[in-house]
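Listed here are the chains, written in short residue letters.
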Amino acid sequence: MSRLPDLDKQQIRERAAAQSWTRGQAYFARGAVRQVVWREGVLTAQVVGSHHELYRVTVRFDAQGAITNAECTCPYDWGGDCKHIVATLLYLLNRPENVEQRPDLTSLLAPLNAEQLTRLVVQLVAVHPDLIDDVEELLATLATPSTSATASLPVDLAVLQRRIRADMRRLIKDYDTGDYYEDVIDLGEALMPAIEVVGDLLSADDARGALAVLEAGTIAWLDGCQWIDHDSIFTDDMPAMWGELWAEALLRADLEPQESQRWARTLQTWNDALGGGYALLIAATAAEQGWRYPPLVAAMQGHPGEHGIWEGDRPRFADKLVTIRLRILQARGRYEEYLNLARAERRFLDYLKMLVTLGRREAAAAEARTYLTDPGDILAIAQTLIDHGDVEKALDLATHGLTLNAPHRQREGLARWLRDEAARHGRRDLALHAGWIALGAYPLAEHYRWLRTWLHDEWDRHREQALQTVELASANINNIDEQVEIYLMEQMFDKAMALVEKNPWSSKLGQVIDAVRATHPRWAFEQCYRQAAAIMDRGLASAYINAITWLRQGRDILLVSGQHDVWNTVLNDLIQKHYKKYKLRPMLEQLRR
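Here the residue numbering is sequential within each chain, running from 1 through the sequence in written order. Per-residue local features are limited, in this predicted model, to residues with pLDDT of at least 70; the limit for side-chain atom pairs, both in listing and counting, is 80 or more; totals at the level of whole chains, interfaces and linings are taken over all residues. Hydrogens and water are ignored here; the side-chain numbers use all heavy atoms of the structure.

Draft legend 1. Helix α14 (residues 318–331), seen in detail. To qualify as a helix, a DSSP run of H or I must reach at least 4 residues; to qualify as a strand, a run of E must reach at least 2; elements of each kind are numbered from the N terminus. In this analysis, the expected span of each helix is defined as 1.5 Å times one less than the number of residues it contains. Counted at 1.5 Å a residue, the expected span for α14 with its 14 residues is 20 Å, and the 20 Å between its end C-alpha atoms agrees. Among the residues trailing α14, G333 stands out with phi positive, at a value near 75 degrees.

Draft legend 2. Spatial organisation of the packing of aromatic side chains. Working definition: a ring pair exists when centres of Phe, Tyr or Trp rings (six-membered ring for Trp) sit within 6.5 Å. Plane angles under 30 degrees give stacked, over 60 give edge-to-face, the rest tilted. Taken as a whole, this structure holds nine aromatic pairs when the rule is applied. Ring centres 4.5 Å apart and planes at 10 degrees place the aromatic pair F348 and Y371 in the stacked group. Of this pair, F348 sits in helix α16 (residues 348–357) while Y371 is found in helix α17 (residues 361–371), placing the two residues 23 residues apart along the sequence. On the numbers, 5.2 Å between centres and 85 degrees between planes, the contact of Y448 with W459 is edge-to-face. Here Y448 is found in helix α22 (residues 445–455), whereas its partner W459 is found in helix α23 (residues 459–474), with eleven residues between them in sequence. Three labels apply to residues, based on accessible area from a 1.4 Å probe with only protein chains included: buried if under 20% of the type maximum, exposed if over 50%, partly exposed otherwise in between. Here W459 falls in the buried class, since its relative accessible area comes to 7%. Taken together, the aromatic side chains of W246, W263 and W270 make up a single cluster linked through ring pairs. The criterion for a charge sitting over a ring is simple: Lys NZ or Arg CZ within 6 Å of the ring centre, and within 35 degrees of the ring normal. In this structure, R334 is placed above the aromatic ring of W291, and the distance from its NZ or CZ to the ring centre is 5.3 Å. Between the NZ or CZ atom of R409 and the centre of the ring of Y442, over which it lies, the distance is 3.8 Å.

Draft legend 3. Structural detail: the confidence of the model for the chain. When pLDDT is averaged along the chain, the result is 88; 91% of the residues meet or exceed 70. Element-level pLDDT for the chain is lowest in helix α6 (residues 131–143), with a mean of 63, against a maximum mean of 97 in helix α19 (residues 391–401). pLDDT expresses, on a scale from 0 to 100, how confident the predictor is about each individual residue. Residue contacts follow a heavy-atom distance rule, with two residues in contact if any of their heavy atoms lie within 4.5 Å. Long-range and interchain partners of residues 143–151, a stretch whose pLDDT sits below 50, account for two contacts in this model, where long-range means more than four residues apart.

Draft legend 4. Inspection of the sheet that holds strand β5 (residues 100–101) at higher detail. Reading across the sheet, the five strands line up as β4-β3-β2-β1-β5 and stay open at both edges, with mixed pairing between neighbours. The open sheet has two free edges, formed respectively by β4 (67–72) and β5, since each of these has just one partner strand. Pairing between strand β1 (residues 33–39) and β5: two bridges, direction parallel. When the bridges of β5 are listed, V37 appears paired with E100. In this analysis, axes come from line fits to C-alpha atoms, helices being fitted only over the stretch in contact, and the angle between any two N-to-C directions falls in the range 0 to 180 degrees. Against the sheet, helix α3 (residues 83–94) makes contact with β1, β2 (42–48), β3 (54–61) and β4, and its axis sits at roughly 60 degrees relative to β3, the strand it touches most. Strands were regarded as paired on the criterion that DSSP finds at least two bridges between them.

Draft legend 5. View of unusual backbone geometry. Despite not being glycine, Q35 has its phi angle at roughly 50 degrees, a positive value. Along the chain, Q35 turns up in strand β1. A relative accessible area of 57% means that Q35 is categorised as exposed.

Draft legend 6. The arrangement of the side chain of Q531 in detail. Relative to the assigned elements, Q531 resides in helix α27 (residues 521–537). Relative accessible area serves as the criterion here: at 6%, Q531 is assigned to the buried category. In protein, a polar contact means a hydrogen-donor-capable atom and an acceptor-capable atom, both N or O and within 3.5 Å, with residues adjacent in sequence counting only if both atoms are side-chain atoms; elsewhere, any N or O pair within 3.5 Å suffices. A polar contact of 2.8 Å, which involves the side chain of Q531, links it to the backbone oxygen of P504. What Q531 contacts, discounting residues up to four positions off in sequence, is P504, W505, L509 and W550.

Draft legend 7. Focus on the packing of helix α20 (residues 408–424) against helix α21 (residues 428–441). Their axes nearest at 8 Å, the elements α20 and α21 cross at an angle of 155 degrees. By the angle class used here, α20 and α21 are roughly antiparallel. Both α20 and α21 take part in a crossing whose hand is left-handed. Judged by residue contacts, H408, R411, E412, A415, R416, L418, R419, A422 and A423 of α20 engage L430, A431, A434, G435, I437, A438 and A441 from α21. Ten residue types, Ala, Val, Leu, Ile, Met, Phe, Trp, Tyr, Cys and Pro, are classed as nonpolar, four, Asp, Glu, Lys and Arg, as charged, and the remainder, Gly among them, as polar. Counted by class, the contact of α20 with α21 contains ten nonpolar, two polar and four charged residues. Roughly parallel means an angle under 35 degrees; roughly antiparallel, over 145; roughly perpendicular, 65 to 115; everything else is oblique. For any pair of crossing helices, the crossing counts as left-handed if the nearer helix is rotated counterclockwise from the farther one by less than a right angle, and right-handed if it is rotated clockwise.

Draft legend 8. Just the pairing of β3, in detail. Note that β2 and β3 share seven bridges and pair antiparallel. Following the sheet pairing, Q46 is matched in β3 by R56. Hairpin connection of β2 to β3: five residues between the antiparallel strands, including H52 at a positive phi of 70 degrees. In textbook terms, the turn of a hairpin is the stretch between consecutive antiparallel strands, and for β3 and β4 this stretch comprises five residues, one of which, G65, has a positive phi near 90 degrees.

Draft legend 9. Region of the structure containing the nonpolar core. Note on terminology: a nonpolar core comprises buried Ala, Val, Leu, Ile, Met, Phe, Trp, Tyr and Cys residues joined through side-chain atoms within 4.5 Å. Ranked by size, the top nonpolar core spans 86 residues in total, and within it L321, L418, Y448, V484, V512 and W523 carry the most contacts. Take this core: its biggest share by element is eight residues, from α21. Ignoring any residue separated from it by four or fewer positions in sequence, one finds V484 in contact with A496, L499, V500, K508 and V512.

Draft legend 10. Representation of a nonpolar patch on the surface. Residues L117, L120, V121, L124, L131 and V135 make up a contiguous nonpolar surface patch of about 390 Å² in total accessible area. No other element matches the four residues that helix α5 (residues 114–127) contributes to the nonpolar patch. Judged by its relative accessible area of 31%, V135 is partly exposed. To count toward a patch, a residue needs a relative accessible area over 30% and no salt bridge; like charges are then connected within 9 Å, while nonpolar side chains (Val, Leu, Ile, Met, Phe, Trp, Tyr) are connected within 5 Å. Accessible surface area values rest on a Shrake-Rupley calculation with a 1.4 Å probe, where residue burial reflects the displayed protein chains alone. Put simply, a salt bridge is a Lys or Arg side-chain nitrogen that is within 4 Å of an Asp or Glu carboxyl oxygen.

Draft legend 11. View of helix α26 (residues 509–516). Every buried residue of α26 is accounted for by L509, V512, I513 and V516. Buried residues along α26 cover an arc of 100 degrees about the axis, so they all sit on one side. On its buried side, α26 packs onto α24 (480–489), α25 (493–502), α27 and α28 (544–560). Throughout, the arc means the angular range of directions from the helix axis out to the C-beta atoms.

Draft legend 12. Region of interest: the state of the cysteines. The disulfide definition used here is simple: a pair of cysteine sulfur atoms within 2.5 Å. This model, assessed by the stated rule, comprises zero disulfides. As a non-bridged cysteine, C74 has C72 as the owner of its nearest cysteine sulfur, 3.7 Å distant. Judged by relative accessible area, which is 10%, C74 ranks as buried. We note that C82 lacks a disulfide partner, and the nearest cysteine sulfur, in C74, lies 3.8 Å from it. C82 sits in the buried class, given a relative accessible area of 4%.

Here's what the structure looks like:
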């Protein structure tokens, strides 16, 4: 038998969140860990939960004694090891002599002959009837010879299929037994390991390998769907990402027409078996069209039809499929076809960014003025021009974008960017121009502060204009907190006080109180009192501590200003008013000095 792994407390602590670590220590200390067993790299234990339920912990180690995986049957899913795993690892660390060491499964089965093994499996299935499905699947995969086409794949397809089916059974079982915490089962979770493998294969430009994994995963997923008894408990169908990976693999694989049509028929059959849906339909369409679809060919050659690359109505996945095609064309250096397809599909941002990338920046800037009406899109192209070193065209395009009639926040984002880029490249006048527009589009304290800093010695001449801009823009935009911060910046306390008094839940109330407590102590106290009274009058016991915090602040303001009598009167009145509130009254009594 292998020796127990060496762990230290710091290793265990680093694997868990602070709360899980603390609670795990408590669980270990109170003896909640039971039946700890070590079997050749696998540690198992049962841990008694807070309501006396038993959770099973399984921790796997590699040959060097490092943890490779840790699982628990509890519902914890907030990052790091749960408290039950922490408690189990602490048991291993502190009580290794109490860990029962048993032989692993291979060692247990090695002495048995075929007849004994058969009898063992039959008896296991008699006790656990669900195991027969696993046995049947395993026998089917063992009987399937591996092919040279998949020999180089980074994953065993049979193992992957077993995992997908097992995960689907687990999800369905959890739902049926009430251990699933959502209204519906997202069976797409079972495909996530396969999605990761396919993504890696496509990144390595192994489209044929990706197709093999996609086929195996789809078959396993469809098999798993046969175990569902309630049509309403699983979401839509496959994850959209699965269908998009199918589409990309099919389009990257350079299939012969016969292959493409075979895949199209297969995918359509699968889609029909699922009752329709999005994921496999985009894949079937990609297979059917390939790169030879006449409207697509015409569009990529610069002669799009009336409906772009579609005959009839555009499907709802049209944009996703175009994105996949553009990504492949770019990767293969087919830039003219990329430009033609992007333009035919009115993907102007993609089209213009590619023009910039190809060095046709003059054309990109001119066409951006023609086609783009959204300041956010203008910003995207201006940023691309900057990234490619064409500062002047970028600044000129952004300046044009600020003349467009657009929502405040969109203009504000473009103005902010132009302000900062112009300043970075020494264009002070343009930076100030954009700075004024940013303030008028959305009067943030940051924009006001920027103007104040950059105007510096000239600020006194422009201060009134800036304040008028803020008030005019704020009339149409609800940004009370920004206004208050600006008034505090300018020490315009009366305006700041008026705003927070009218809007008592402003997050800037505390700042205003701190700013005026010496000059307007009575007003500052009244705001503290109003906040506290709102809590106490409504009997919000859980928030009494907040009320006391407000009252303590108000008390200190009055006492510093010499208004002891006022405070004593207020406190006595509060105690009298709330004397029946057993939790609040002692807290109020503690406010006496």
